[in-house]
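Each chain is listed here by its residues.
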There are 2 protein chains.
Amino acid sequence: MSMNFRILSIALALICLTQSTHAQTYSEAFQRYKDSDLHFEKDNPLFPTFNYKLVTGLGYDGDPKTDPLIQSKVKIYRDNPRARYLVRLAGNQQELQAAYHLRHAIDGFVENTTFRDVTSPIKIGDTYHAWYSKSWGEPAVGQERGSQEAWQEIKGQWKRIYSWDFVSIWHATSKDGYHWQEQGVAIEPGPKGSYDDRCVFTPDVLVSGGKYYLYYQVATSPHVYRDGPHKIAMAWADSPDGPWTKSDAPVLVPSEPGHFDSRKVHDPCLIVKGGKYYLYYKGDGDHSNRYQFGERFHIGWGVAIADRPEGPFVKSKLNPVVCGGHEVVIFPYKSGVAGLVRQGPELFSMQYAEDGLNFKLATHVTDVPFAGTFFRQGHFKDIDKHPAELPRWGLCHGSRLGSGEAFIMRYDITFPVVK
Amino acid sequence: MSMNFRILSIALALICLTQSTHAQTYSEAFQRYKDSDLHFEKDNPLFPTFNYKLVTGLGYDGDPKTDPLIQSKVKIYRDNPRARYLVRLAGNQQELQAAYHLRHAIDGFVENTTFRDVTSPIKIGDTYHAWYSKSWGEPAVGQERGSQEAWQEIKGQWKRIYSWDFVSIWHATSKDGYHWQEQGVAIEPGPKGSYDDRCVFTPDVLVSGGKYYLYYQVATSPHVYRDGPHKIAMAWADSPDGPWTKSDAPVLVPSEPGHFDSRKVHDPCLIVKGGKYYLYYKGDGDHSNRYQFGERFHIGWGVAIADRPEGPFVKSKLNPVVCGGHEVVIFPYKSGVAGLVRQGPELFSMQYAEDGLNFKLATHVTDVPFAGTFFRQGHFKDIDKHPAELPRWGLCHGSRLGSGEAFIMRYDITFPVVK
């Protein structure tokens, strides 16, 4: 053994000895916690963390900086990323973290009014635009608490069946994405007897060929509690400020009995891929008799595909493409589609479909924003030609305790940077 | 090109043509659903599916076969594995599936009595044994509804602060694991002034050296609402039927302020590894001032290790070994320890620690039984010498709606067979 090799051996032995006597300070679980990872999927580049922010103008008009109740509750959450851990545990774990605070608050809300189911925010010039479902009137009364028919005849004296009844679609703009100004109504329910004479709601937006398209759920009177049929209609305009021209008829209707979407199609969300327009939607069947392909089934997501924004939209024979979920919460990523599922056998998952049809597990998630939408970096380009980046922020809604009225929030999204 | 090669080429082309024209029937998501996978982690051999079963004798004494309410609700679940999907969606997603039915039921329960926090079931000869927390009396009243001090002085006239108050540990046996017979009380609270004068509860069992050991949480009067300190004590016997000899003092106590377990140590669960006795426990700190290693912290799991079942148990310096969780739900697997976490930043996960200390993600889960325990195939052998197999069944509890009283259920567990 040469002297050099002997020295090397001794050095190596010393290094090993040093390492073995260097005691581990924290368990791996606590190290993750200490590092503020707050999750254990940091090696998965698709694991999303949602950081909820207050916005003004979309249901909440107070100044959170001067509201001591909100301040005291939000401070710990806002100032300390690790505090999300406490917040989550303090309330219903399925609630949004910031919503947990806001929904308990008393002041600052537009009373007896609901703002919910907002579109993907888009940016035109230096201005952000979003459209949303707005409903107001006397406090909502569930079907079980009286006769709904008595309320719906005279619209001026309505009482809402629930907080999303007699809904119209409104338009708001913002320069910073946090402070929003309502610009007034964009789409109203049609005259009695029309295909949308009760509600127009849960909209999404598409920008294509210099035109603006809103796709949205429509319901007619009588509006039976959680019953259907609910359809999807479309309106277009040359400017985000309108005026909006409605389609002569709905662009998507429920399927025949025996299908998962035999009662309702709603919550549309648009993706452009391979020159086609993919309209994703939530489908719901007859509650007493839910089947799909002869299998018992509950809620799922379908997709209908068209060559043009105006349709016709043809439902994929592979529907449902997602089994479970609730509101359609999707965004384009690369040349595929990612969806966040918060109900059903695959709950708390992000699923991804390269072809837009066959969704596979992408990552386990610990949070899914209610009716979440995402700012489209490239608006609505064809993702086959212009692969999409991961989204950075979006909008969703929360519900106030007691009244059930909803308000709109923002969230910034972070994904792990995997080395 | 030889004739043989040409024929082969044509054959290959025909095969490709045939395949390309064979249309896909279902989306991948629906195929998973149709195959009754009910989850999308079928390639993960550790993904557990819990199939809840009714048991009799542990809070529920009715005959489910003659209870039309239970029958109508359970039938669809029991007869059709896919129906679990419907069941899950029908109720609170964080509830156990079968519990969802039972907890709504009216008849068949032992009134004003709680059975909860059961030990791992063990088998001796042809008989299964389990011990559990039992509490009864007038309906429980939360602290906020009156003065608890007034109720606790005269035990004969007690009113429970909540449904786990004035708890003792009871013993039951079964020949089949489904029909249980109560064998009477095993451990009672001690006389006034002793370290366990109010409650003995959340037990786990260990069999070692021909002796039986029960480890359990102890509380003294006054029993302030969710306050502490709560400690862990031990009792031993030569037979599962007792008599039980209590330890002179608790075997594990809360840490100093500033630690995650400064207020309560409870929910013990024992694993034998490398000749040592690993006592896993749930730790809870001061609600107003929760810290660990200078970091804000909520609930976590710790472990304390001893050379003998009697202790002394020394807390690991790596505690907490799991950040989050609620009741300690663990089982030995191979030569390591698996834990199921249902709260905190790593909620809905199974974590696994080869060394019993450093837990890593093993699989995303969609269900965690409340205070679940597992039948130990090999009782309590040293897992370093006798690696453990995956558990096949266990016991947990559910809570009745309205009263909050609990009852004990069984679940069979299936894991994917990964090819």
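Residues numbered from 1 in each chain as written. Chains lettered and ligands numbered in written order. Predicted model: local features only at pLDDT ≥ 70, side-chain atom pairs only at ≥ 80, totals over all residues. Heavy atoms only, no water.

Asker: Can you walk me through the overall build of chain A in this structure?
Answerer: When its secondary structure is counted, chain A shows 6 helices and 24 strands. Long-range contacts, defined as pairs at least 24 residues apart, comprise 59% of the intrachain contacts of chain A with a sequence gap of at least 6. Carbon and sulfur atoms provide 53% of the accessible area of chain A, an area that totals close to 17,200 Å². (Helix = DSSP H or I, 4+ residues; strand = E, 2+ residues; numbered from the N terminus. Contact = heavy atoms within 4.5 Å. Areas by Shrake-Rupley, 256 points an atom, 1.4 Å probe, with all protein chains shown as cover.)

Asker: What am I meant to see in the packing of aromatic side chains here?
Answerer: Remark: the centre distance and the inter-plane angle together describe each pair of aromatic rings, the angle taken between the planes. Inspection of the entire model under this criterion finds 35 aromatic pairs over all chains. Judged by centre distance (6.2 Å) and plane angle (75°), the ring pair of Phe374 of chain B and Tyr411 of chain B falls under edge-to-face. Taken together, the residues span a long stretch of sequence, with Phe374 of chain B in strand 22 (residues 373-374) and Tyr411 of chain B in strand 24 (residues 406-414) at a distance of 37 residues. Overall, Phe374 of chain B belongs to the buried group, its relative accessible area being 2%. Put simply, the rings of Phe50, Phe331, Phe374 and Tyr411 of chain A touch in pairs and so form one group of aromatic residues. The cationic tip of Lys134 of chain A hangs over the ring face of Trp136 of chain A; the distance from NZ or CZ to the ring centre is 5.8 Å. Positioned over the ring face of Trp170 of chain B is Lys134 of chain B, at 3.9 Å from the centre of the ring. (Phe/Tyr/Trp six-rings, centres within 6.5 Å; stacked < 30°, edge-to-face > 60°. Buried < 20%, exposed > 50% of the residue type's maximum accessible area, 1.4 Å probe, protein only. Lys NZ or Arg CZ within 6 Å of the ring centre and 35° of its normal.)

Asker: Explanation requested: the sheet that holds strand 10 (residues 245-246) of chain B in the structure shown.
Answerer: In a beta sheet, neighbouring strands are held together by backbone hydrogen bonds and run either parallel or antiparallel to one another. Residue and element names in this part refer to chain B. Sheet architecture is open: 4 strands sit in the order 7-8-9-10, paired in antiparallel fashion. Where the open sheet ends on each side, the last strands, each with one partner, are strand 7 (199-208) and strand 10. Two elements, strand 8 (residues 211-219) and strand 9 (residues 231-237), share 7 bridges in a ladder whose sense is antiparallel. Among the inter-strand pairings, Tyr213 is bridged to a residue of strand 9, identified as Trp236. (Pairing = 2+ DSSP bridges.)

Asker: So what exactly am I meant to see when it comes to the pairing of strand 23 (residues 393-399) of chain A here?
Answerer: Regular strands place their side chains on alternate faces of the sheet. Residues and elements named next belong to chain A. Within strand 23, 6 of the 7 residues are buried, leaving the element largely enclosed by the surrounding structure. Pairing analysis gives 2 bridges linking strand 22 (residues 373-374) to strand 23, with the strands arranged antiparallel. Counted as the bridge partner of Phe374 is Gly394 from strand 23. Summarising the sheet, strand 23 and strand 24 (residues 406-414) pair through 7 bridges and their orientation is antiparallel. By the bridge assignment for strand 24, Trp393 is matched with Asp412.

Asker: Before we go on, may I ask you to explain the pattern of salt bridges in this structure?
Answerer: Close approach of charged atoms allows side chains with opposite charge to pair. According to the stated counting rule, one finds 28 salt bridges over all chains in the structure shown. Across the pair Arg116 of chain A and Asp117 of chain A runs a salt bridge whose closest N-O atoms are separated by 3.0 Å. A salt bridge links Asp284 of chain B to Arg263 of chain B, with the shortest nitrogen-to-oxygen separation between them at 2.6 Å. Here the residue Asp284 of chain B occupies a position in strand 12 (residues 276-284), and Arg263 of chain B occupies one in the loop between strand 10 and strand 11 (264-273), the gap between them amounting to 21 residues. Judged by its relative accessible area of 5%, Asp284 of chain B is buried. (Salt bridge = Lys/Arg side-chain N within 4 Å of Asp/Glu carboxyl O.)

Asker: I tried to follow the side chain of Lys273 of chain B on my own but got confused; where do I start?
Answerer: Residues and elements named next belong to chain B. With respect to the helices and strands, Lys273 occurs in strand 11. On the basis of relative accessible area, Lys273 is assigned to the buried category, the value being 8%. Contacts of Lys273, omitting those with residues within four sequence positions, involve Tyr278, Ser335, Glu354, Asp355, Gly356, Asp382, Ile383 and Asp384.

Asker: Sorry, what's going on with the sheet that holds strand 22 of chain A here?
Answerer: All names here are of chain A. With respect to topology, 4 strands assemble into an open sheet ordered 1-24-23-22, the strand pairing being antiparallel. Two strands close off the open sheet at either side, each with one partner strand: strand 1 (49-53) and strand 22. Two strands pair when backbone bridges link them, and strand 1 and strand 24 are joined in this way by 5 bridges, in the antiparallel orientation. Looking at strand 24, one finds that Asn51 is bridged to Asp412.

Asker: Looking at this structure, how should I read unusual backbone geometry?
Answerer: In terms of backbone geometry, most residues other than glycine have negative phi values and most peptide bonds are trans. Of note, the amide linkage connecting Gly242 of chain A to Pro243 of chain A takes the cis form, showing an omega dihedral of 0°. Secondary-structure assignment places Pro243 of chain A in the loop between strand 9 (231-237) and strand 10 (245-246). A cis amide bond links Gly311 of chain B to the next residue, Pro312 of chain B, at an omega of 5°. Its location among the elements puts Pro312 of chain B in the loop between strand 15 (300-306) and strand 16 (314-315). Positive phi, close to 50°, is recorded for Lys334 of chain A, a residue that is not glycine.

Asker: Where do I start with the pairing of strand 20 (residues 349-353) of chain A in this structure?
Answerer: Residue and element names in this part refer to chain A. Within strand 20, 5 of the 5 residues are buried, leaving the element largely enclosed by the surrounding structure. Here strand 20 shows no split at all, with Ser349, Gln351 and Ala353 on one side and Met350 and Tyr352 on the other all buried. In this sheet, strand 20 lies alongside strand 19 (residues 336-341) in antiparallel orientation, the contact comprising 5 bridges. What sits directly across from Leu340, in strand 20, is Met350. Two strands pair when backbone bridges link them, and strand 20 and strand 21 (residues 360-364) are joined in this way by 4 bridges, in the antiparallel orientation. Looking at the pairing, Tyr352 lines up with Lys360 of strand 21. Between strand 20 and strand 21, which pair antiparallel one after the other, the connecting turn spans 6 residues, and Gly356 there sits at a positive phi close to 80°.

Asker: It is not clear to me how the side chain of Thr119 of chain B should be interpreted in this structure. Could you clarify?
Answerer: Along the polypeptide, Thr119 of chain B turns up in the loop between strand 2 (113-116) and strand 3 (122-124). In this structure, Thr119 of chain B is in contact with Ala130, Trp131, Pro203, Asp204, Val205, Leu214 and Thr373 of chain B, ignoring residues within four places of it in sequence.

Asker: When you look at the nonpolar core in this model, what are you seeing that I'm missing?
Answerer: Inside soluble globular proteins, nonpolar side chains tend to come together where they are buried. With 50 residues, the main nonpolar core has Leu340, Met350 and Phe374 of chain A together with Leu340, Met350 and Phe374 of chain B as its most contacted residues. Those residues in contact with Met350 of chain B, other than ones at most four positions away along the chain, are Leu46, Pro48, Phe331, Ala338, Gly339, Leu340, Lys360, Leu361, Ala362, Thr363, Val365 and Phe415 of chain B. (Core = buried A, V, L, I, M, F, W, Y, C linked by side-chain atoms within 4.5 Å.)

Asker: Got a minute to help me understand the environment of Pro387 of chain B in this structure?
Answerer: Residue and element names in this part refer to chain B. Considering the arrangement of structural elements, one finds Pro387 in the loop between strand 22 and strand 23 (393-399). Each C-alpha atom, one on Pro387 and one on Lys273, is 9.7 Å from the other, the two residues being 114 residues apart in sequence. Setting aside residues no more than four positions away along its own chain, Pro387 makes contact with Lys334 and Ser335.

Asker: Looking at this structure, how should I read the confidence of the model for chain A?
Answerer: It should be kept in mind that the predicted coordinates are not to be read in detail where pLDDT is low. Residue and element names in this part refer to chain A. The predicted model of chain A has a mean per-residue pLDDT of 80, with 73% of residues at 70 or higher. Scored below 50 in pLDDT, residues 12-21 shows 0 contacts in the model against residues more than four places distant or in partner chains. In this model residues 143-157 is a low-confidence stretch, pLDDT under 50, and it forms 25 contacts with partners more than four residues away in sequence or in other chains. (pLDDT = per-residue confidence, 0-100.)

Asker: What exactly am I supposed to notice about the environment of Ala172 of chain B here?
Answerer: Residues and elements named next belong to chain B. Following the sequence through the fold, Ala172 ends up in strand 5 (residues 168-174). Ala172 gets classed as buried once you look at its relative accessible area, which sits at 0%. Spatially, the C-alpha atoms of Ala172 and His129 are 5.9 Å apart, while their sequence positions differ by 43 residues. Not counting chain neighbours up to four residues away, the residues in contact with Ala172 comprise Leu58, Tyr128, His129, Ala130, Tyr132, Trp180, Gln181, Glu182 and Gln183.

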